[in-house]
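A look at the structure
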Amino acid sequence: MTALFTSTGISGKTDPVRLLVLLWGKRFIIIAVAILFSILGTIFMLSRPLSAEIRTVVEVGYTAGGLVETIDVVRQKINDIYSVAAEDEIRAASPDNSNISLNVRPRIARNSNIIVLESSAPLEQVDLYRSYHAKIFEYIARDHNRTFEPLRGGLETTREEQRAVLKKLEERATVDPLKSQLLAQLEELRGQERALRDERIFGVAVKTLEGQVSDAEKALKDLQDEERLLAQTRAQTDVSVKNYADQIERLKQFLNDARAQRSKLASSPNDSNNAIAALIFDAENLRTEIELQKLERALVVDAPLDQEKAEAELLKNRRQQPIQEQAIARSKAEIPKLTLEREQKLAVARVAIDNILAKLGETETSRLHEIAVQKAKLQETDIRLGNILVTRVVVPPRRNQEGEHSRMFFAGLALLAGLGLGLLAGVFAVFKDAMTSRSAQRV
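Predicted, not measured: the structure shown is a model, and the values here were computed from it.

Some words on the side chain of Glu118
Position of Glu118 relative to the elements: it lies in strand β5 (residues 114-122). Look past the residues within four positions of Glu118 in its chain and what remains in contact with it is Ile54, Arg55, Val104, Arg105, Arg107 and His133.

A look at the environment of Leu314
Structurally, the position occupied by Leu314 is in helix α8 (residues 272-359). Looking at Leu314, the relative accessible area reads 4%, which means it is buried. Taking the C-alpha atoms as reference points, Leu314 and Ala231, separated by 83 residues in sequence, lie 6.8 Å from one another. Aside from chain neighbours lying at most four places away, what touches Leu314 is Glu227, Leu230 and Ala231.

Structural notes on the packing of aromatic side chains
Applying the stated criterion across every chain, the model contains two aromatic pairs. Look at Tyr82 and Tyr139: their rings are 6.5 Å apart centre to centre, the planes differ by 15 degrees, and that puts the pair in the stacked class. Within this pair, whereas Tyr82 is found in helix α4 (residues 71-93), its partner Tyr139 is found in helix α5 (residues 126-172), the two being separated by 57 residues in sequence. A single burial state applies to Tyr82 and to Tyr139, both of which are buried. The interplanar angle of 90 degrees and the centroid separation of 6.0 Å between the aromatic rings of Tyr129 and Tyr132 together place this pair among those described as edge-to-face. Of this pair, Tyr129 and Tyr132 are both found in helix α5, three residues apart, which corresponds to roughly one turn of the helix. Taken as a pair, Tyr129 and Tyr132 share a single burial class, namely buried. The lysine or arginine in question, Arg142, covers the ring of Tyr139, its NZ or CZ lying 4.9 Å from the ring centre.

Examining the pairing of strand β4 (residues 105-108)
With four bridges joining them, β4 and β5 adopt antiparallel strand pairing. If you follow Pro106 over to β5, its bridge partner there is Leu117. Taking the residues that link successive antiparallel strands as the turn, the β4-β5 hairpin has five residues, and the phi of Asn111 there is positive, at about 50 degrees.

Quick notes on the pattern of salt bridges
Following the criterion strictly, the structure yields 19 salt bridges and no others. For the salt bridge of Glu53 with Arg105, the shortest nitrogen-to-oxygen distance reads 3.2 Å. Taken together, the residues Glu53 in strand β1 (residues 51-59) and Arg105 in strand β4 connect sequence positions 52 residues apart. Overall, Arg105 belongs to the partly exposed group, its relative accessible area being 36%. Close ionic contact of Lys218 with Asp222 constitutes a salt bridge, the shortest N to O distance being 3.5 Å. Here Lys218 and its partner Asp222 are both found in helix α7 (residues 199-267), four residues apart, which amounts to about one turn of the helix. On the basis of relative accessible area, Lys218 is assigned to the exposed category, the value being 54%.

Basis of the calculations
- Residues numbered from 1 in each chain as written.
- Predicted model: local features only at pLDDT ≥ 70, side-chain atom pairs only at ≥ 80, totals over all residues.
- Heavy atoms only, no water.
- Helix = DSSP H or I, 4+ residues; strand = E, 2+ residues; numbered from the N terminus.
- Contact = heavy atoms within 4.5 Å.
- Buried < 20%, exposed > 50% of the residue type's maximum accessible area, 1.4 Å probe, protein only.
- Phe/Tyr/Trp six-rings, centres within 6.5 Å; stacked < 30°, edge-to-face > 60°.
- Lys NZ or Arg CZ within 6 Å of the ring centre and 35° of its normal.
- Pairing = 2+ DSSP bridges.
- Salt bridge = Lys/Arg side-chain N within 4 Å of Asp/Glu carboxyl O.

As far as function goes, none of this settles anything; it's purely spatial.
Okay, here's the thing in structure tokens:
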């Protein structure tokens, strides 16, 4: 061990082979410590109770005006109110649960109205935690229903009243076949007008175009990055050509010198040493000539091909960039064009509606208009009812086995930790012996 540190000092680099030999000498210490700590760690890990992950996914309801309650407020209420009330209810339901302590971690899914309830539960309490999550949701739903139920009840009452009014209007209207046809056209045009006014449909079309612009810009950036790499590759081929030329020049000089030496040997007295040296020179000259031929081929054939290939790829890249720029410009131009087309179609639809209404008689037009207006009101009420989404459980309380580890996993972890500590103990013992030996040498 002293020799291990003598050449380089304690702070210098250590010979790894020598260190492994010294560690092998301490193998009994390493094995003993590894076994001891592996056994202790395994016993500790196996004695720990395993836990399970319980997860529930809740979707917060919304109306036409937005979420019934902001997602942050729901999470705060879960932490401060609902979880406490649900825990108290479970404790009161059974004497066995009087001293139990439950946990829940509400997590908001990114940019959504989804909130995830997560809990770490002992295996024997998995069913209890499922009930705990279910009760938390009951409190959330009960709180939100105070908003949903009056709103839905009012809209349903309004819808029934509108249906009764519409039925009376249709019973009073006596329309001949021509007027029936005009009425059907009027309904169709009003449907087209509502579709054109629908901001959601228009928004999807705009987002699609914006996505195309974003994809095209990303593709252009990729082409520009690729151009820089191709330019570097093209420059490297020129460097390779220069390197080949320099190597060929050096090998030619070396070969000429070697041939001159071989000629001197040929004129020297003919003995065994000169014959062996001549054979060596001939073999070396042959190897040099072969290497020189390879380099000349690389300079004359391979390097020009590489240059041509790199140049072709660079030109191809540069031709693609203007095409991509034109695609970006076309996609950007489509957005205002889409808005203009929408306005033009709306204007055409309004003119067509006005023309149909003008063809109908003033009295009959009034009746038809009343029916159309009433249908529009009824349709709007149906849409508002359809836009109501009550708070609901998307994924019911269940055990999430992903990420849970078995007892064998913990036992293996303890075994690895024991082996690591055993190796550390061996290194410490080797270091201690080295320091002791070094101190003895100084004395």
